[in-house]
Amino acid sequence: MPSPELPRINAFLAAFARRQAARTIDLPGGFAVLDDAFAHSRANNQVVVDGPVAPETLPALADEALGHLPYRLISVLDDRTGAACAGPLVRAGYTHSVELVMVHRGPLPSGGHADEVDLDAIRLPLARRWRGFLPDADEEAVRHLVDRREVRRRGADAVHFIGARTQEGEVASWADLYLDGATGTAQIEDLITSETHLGRGYADAVLATALRMAVDAGCGTRFLIADADDWPRHWYERRGFSVIGHSHSFGRG
């Protein structure tokens, strides 16, 4: 049985995408989000499917909405719809990835401390991390991937950047926290640690702080999205997160 939290989470994700976008285009079964200021960011320039759609029409819909860009990204929030879209999109040259919707079910962590930080505090370590992730990216692309975090502030009622610092004051690990008090929903997004500070508990401090802030804000549904094929999912499971559903993403270019 699908979790009753999934519709609320998917509605939250769709609303966040719309709210942070510079402009949107309504499409059959979903919408496109666009932001020319961050043209290198696929998350800011993509098609989101949040309703019934004819899968074979998606390649043409994406080409129409994103035709000015050298890449395509289509995010399908519903698991069954995403599975149905896989065949037509893979045949059209898309790569298919499955993402996990994970909700925190474990006890609230008591240890670890992090603080709210501004974008400037994480700008340099985040840029270094992106250069490691994407060694072939130029400086403009890295700048877009860093600065796009600022427009996330309009994606939810409350948006916080959480960072754990070293004794010298450097932000060693960081994440976003998005809160919707009206529905009691909180998302933790983009938990990243600087390469030189891996394995020292900084990510645990950020995650614990974000979870406590979400509880303090009255959010009973605390979730994150993890790649089904990557190791962080197991790290999150050890910290009390459970898989309750799947979403699908399709990329090309």
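Chains are numbered independently. Their residues run from 1 in the order of the written sequence. The model is predicted, so local features are restricted to residues of pLDDT at least 70 and side-chain atom pairs to those at 80 or more, both for listing and for counting; the totals for chains, interfaces and linings are taken over all residues. Note that the side-chain values use all heavy atoms of the structure and ignore hydrogens as well as water.

Novice: What is the right way to look at empty space enclosed by the protein in this model?
Specialist: The probe, sized like a water molecule, is rolled over the atoms to show the empty space still left. A cavity here means a set of 1 Å grid points, computed over protein atoms only, where a 1.4 Å probe fits but cannot escape. A pocket is an open set with protein on both sides within 12 Å along at least 5 of 7 lines, and lining residues have an atom within 4 Å of a point. Grid points are joined across faces, edges and corners, and a volume is the space filled by probe spheres set on the points. Evaluated as defined, the whole model comprises one cavity of 30 Å³ or more. In this structure, the largest cavity encloses a volume near 30 Å³. The wall of the largest cavity is formed by Trp130, Leu145, Arg148, Arg149, Arg152 and Asp190. Think of it as three bins: nonpolar holds Ala, Val, Leu, Ile, Met, Phe, Trp, Tyr, Cys and Pro, charged holds Asp, Glu, Lys and Arg, and polar takes everything else, Gly as well. For the lining of the largest cavity, the per-class residue count stands at two nonpolar, no polar and four charged.

Novice: I'm lost on unusual backbone geometry in this one. Help?
Specialist: Trans peptide bonds make up the majority, and among non-glycine residues the majority have a negative phi. Phi angles above zero are rare outside glycine, and Asp190 is one such case at about 55°. Secondary structure elements are taken from DSSP: a helix is a run of H or I of four residues or more, a strand is a run of E of two residues or more, and numbering for both begins at the N terminus. Relative to the assigned elements, Asp190 resides in strand S9 (residues 185–193).

Novice: Hey, could you run me through the pattern of salt bridges in this one?
Specialist: For side chains of opposite charge, pairing can occur when their charged atoms come near one another. Here a salt bridge means any side-chain nitrogen of Lys or Arg lying within 4 Å of a carboxyl oxygen belonging to Asp or Glu. Evaluated as defined, the whole model comprises 20 salt bridges. The partner of Arg149 in a salt bridge is Asp190, with the nearest N and O atoms 4.0 Å apart. One end of the pair, Arg149, is in helix H5 (residues 139–151); the other, Asp190, is in strand S9, and 41 residues separate them in sequence. For Arg149, a relative accessible area of 2% gives the class buried. Here the salt bridges do not stand alone but share partners, grouping Arg149, Arg152, Asp176 and Asp190 into one network. For every residue, the accessible area obtained with a 1.4 Å probe (protein chains only) is divided by the maximum for its type, and the residue is called buried under 20%, exposed over 50%, and partly exposed between those limits.

Novice: Please explain helix H4 (residues 119–133) as it appears in this structure.
Specialist: It helps to recall that an α-helix has 3.6 residues per turn; residues three or four apart then point in one direction. Given the number of residues in a helix, its expected span is that number minus one, multiplied by 1.5 Å. Here H4 is 15 residues long and its end C-alpha atoms lie 19 Å apart, about the 21 Å a rise of 1.5 Å per residue gives. Of all bends in H4, the biggest is about 30°, found at Pro125. Where H4 is concerned, the buried positions are Leu119, Ile122, Pro125, Leu126, Ala127, Arg129 and Trp130. Any pair of residues with heavy atoms lying within 4.5 Å of one another is described as a contacting pair. Those residues of H4 hidden inside the fold are in contact with H5, strand S7 (158–165), strand S8 (171–180) and S9. Note on bend: the value at a residue is the angle between axes fitted to the seven residues ending there and to the seven starting there.

Novice: Explanation requested: the nonpolar core in the structure shown.
Specialist: By size, the foremost hydrophobic cluster in this structure holds 32 residues, and its most contacted members are Ile9 and Phe223. For this core, the leading source of residues is helix H1 (residues 5–20), giving seven residues. Non-local contacts of Phe223, meaning those with residues more than four positions away in its chain, are made with Ile9, Phe12, Leu13, Val101, Met102, Val103, Thr185, Ala186, Gln187 and Ile188. Ile162, Cys219, Leu224 and Ala226 belong to the second-largest nonpolar core, a separate cluster that totals 27 residues. The nonpolar core is taken to be a set of buried Ala, Val, Leu, Ile, Met, Phe, Trp, Tyr and Cys residues, with the residues joined through side-chain atoms within 4.5 Å.

Novice: How should the packing of H4 against H5 be read in this particular structure?
Specialist: Packed helix pairs are specified by the crossing angle of their axes together with the interaxial distance, meaning the distance between the axes. To get an axis, a line is fitted to the C-alpha atoms, and for a helix only the part in contact is used. The angle between two axes follows their N-to-C directions and goes from 0 to 180 degrees. In contact at an axis separation of 10 Å, H4 and H5 are set at 140° when each is read in the N-to-C sense. Compared by their axis directions, H4 and H5 come out oblique. Every pair of crossing elements has a handedness; the one defined by H4 and H5 is right-handed. Residues Leu119, Ile122, Arg123, Leu126, Ala127, Trp130 and Arg131 of H4 form the contact with H5, whose participating residues are Glu139, Val142, Leu145, Val146, Asp147, Arg148, Arg149 and Glu150. In terms of residue class, the contact of H4 with H5 is built from eight nonpolar, no polar and seven charged. Note on terminology: angles under 35 degrees are roughly parallel, angles over 145 are roughly antiparallel, angles of 65 to 115 are roughly perpendicular, and the others are oblique. Handedness of a crossing is defined here by the sense of rotation of the near helix relative to the far one, left-handed for an anticlockwise turn of less than a right angle and right-handed for a clockwise turn.

Novice: Teacher, can you tell me more about the sheet that holds strand S5 (residues 95–104) here?
Specialist: Strands pair in a sheet through their backbones, by hydrogen bonds, and they do so in one of two ways: parallel or antiparallel. For two strands to be treated as a pair, DSSP must find at least two bridges joining them. Within the open sheet, the 11 strands sit side by side as S1-S2-S3-S4-S11-S5-S10-S9-S8-S7-S6. Their pairing is mixed. Edge positions in the open sheet fall to strand S1 (23–27) and strand S6 (115–116), since each of these has one partner strand only. When S8 meets S9, the two strands line up antiparallel, connected through seven bridges. The residue of S9 that forms the bridge with Asp180 is Thr185. The strands touched by H4 are S7, S8 and S9; relative to S8, the strand with the most contacts, the crossing angle is about 115°.

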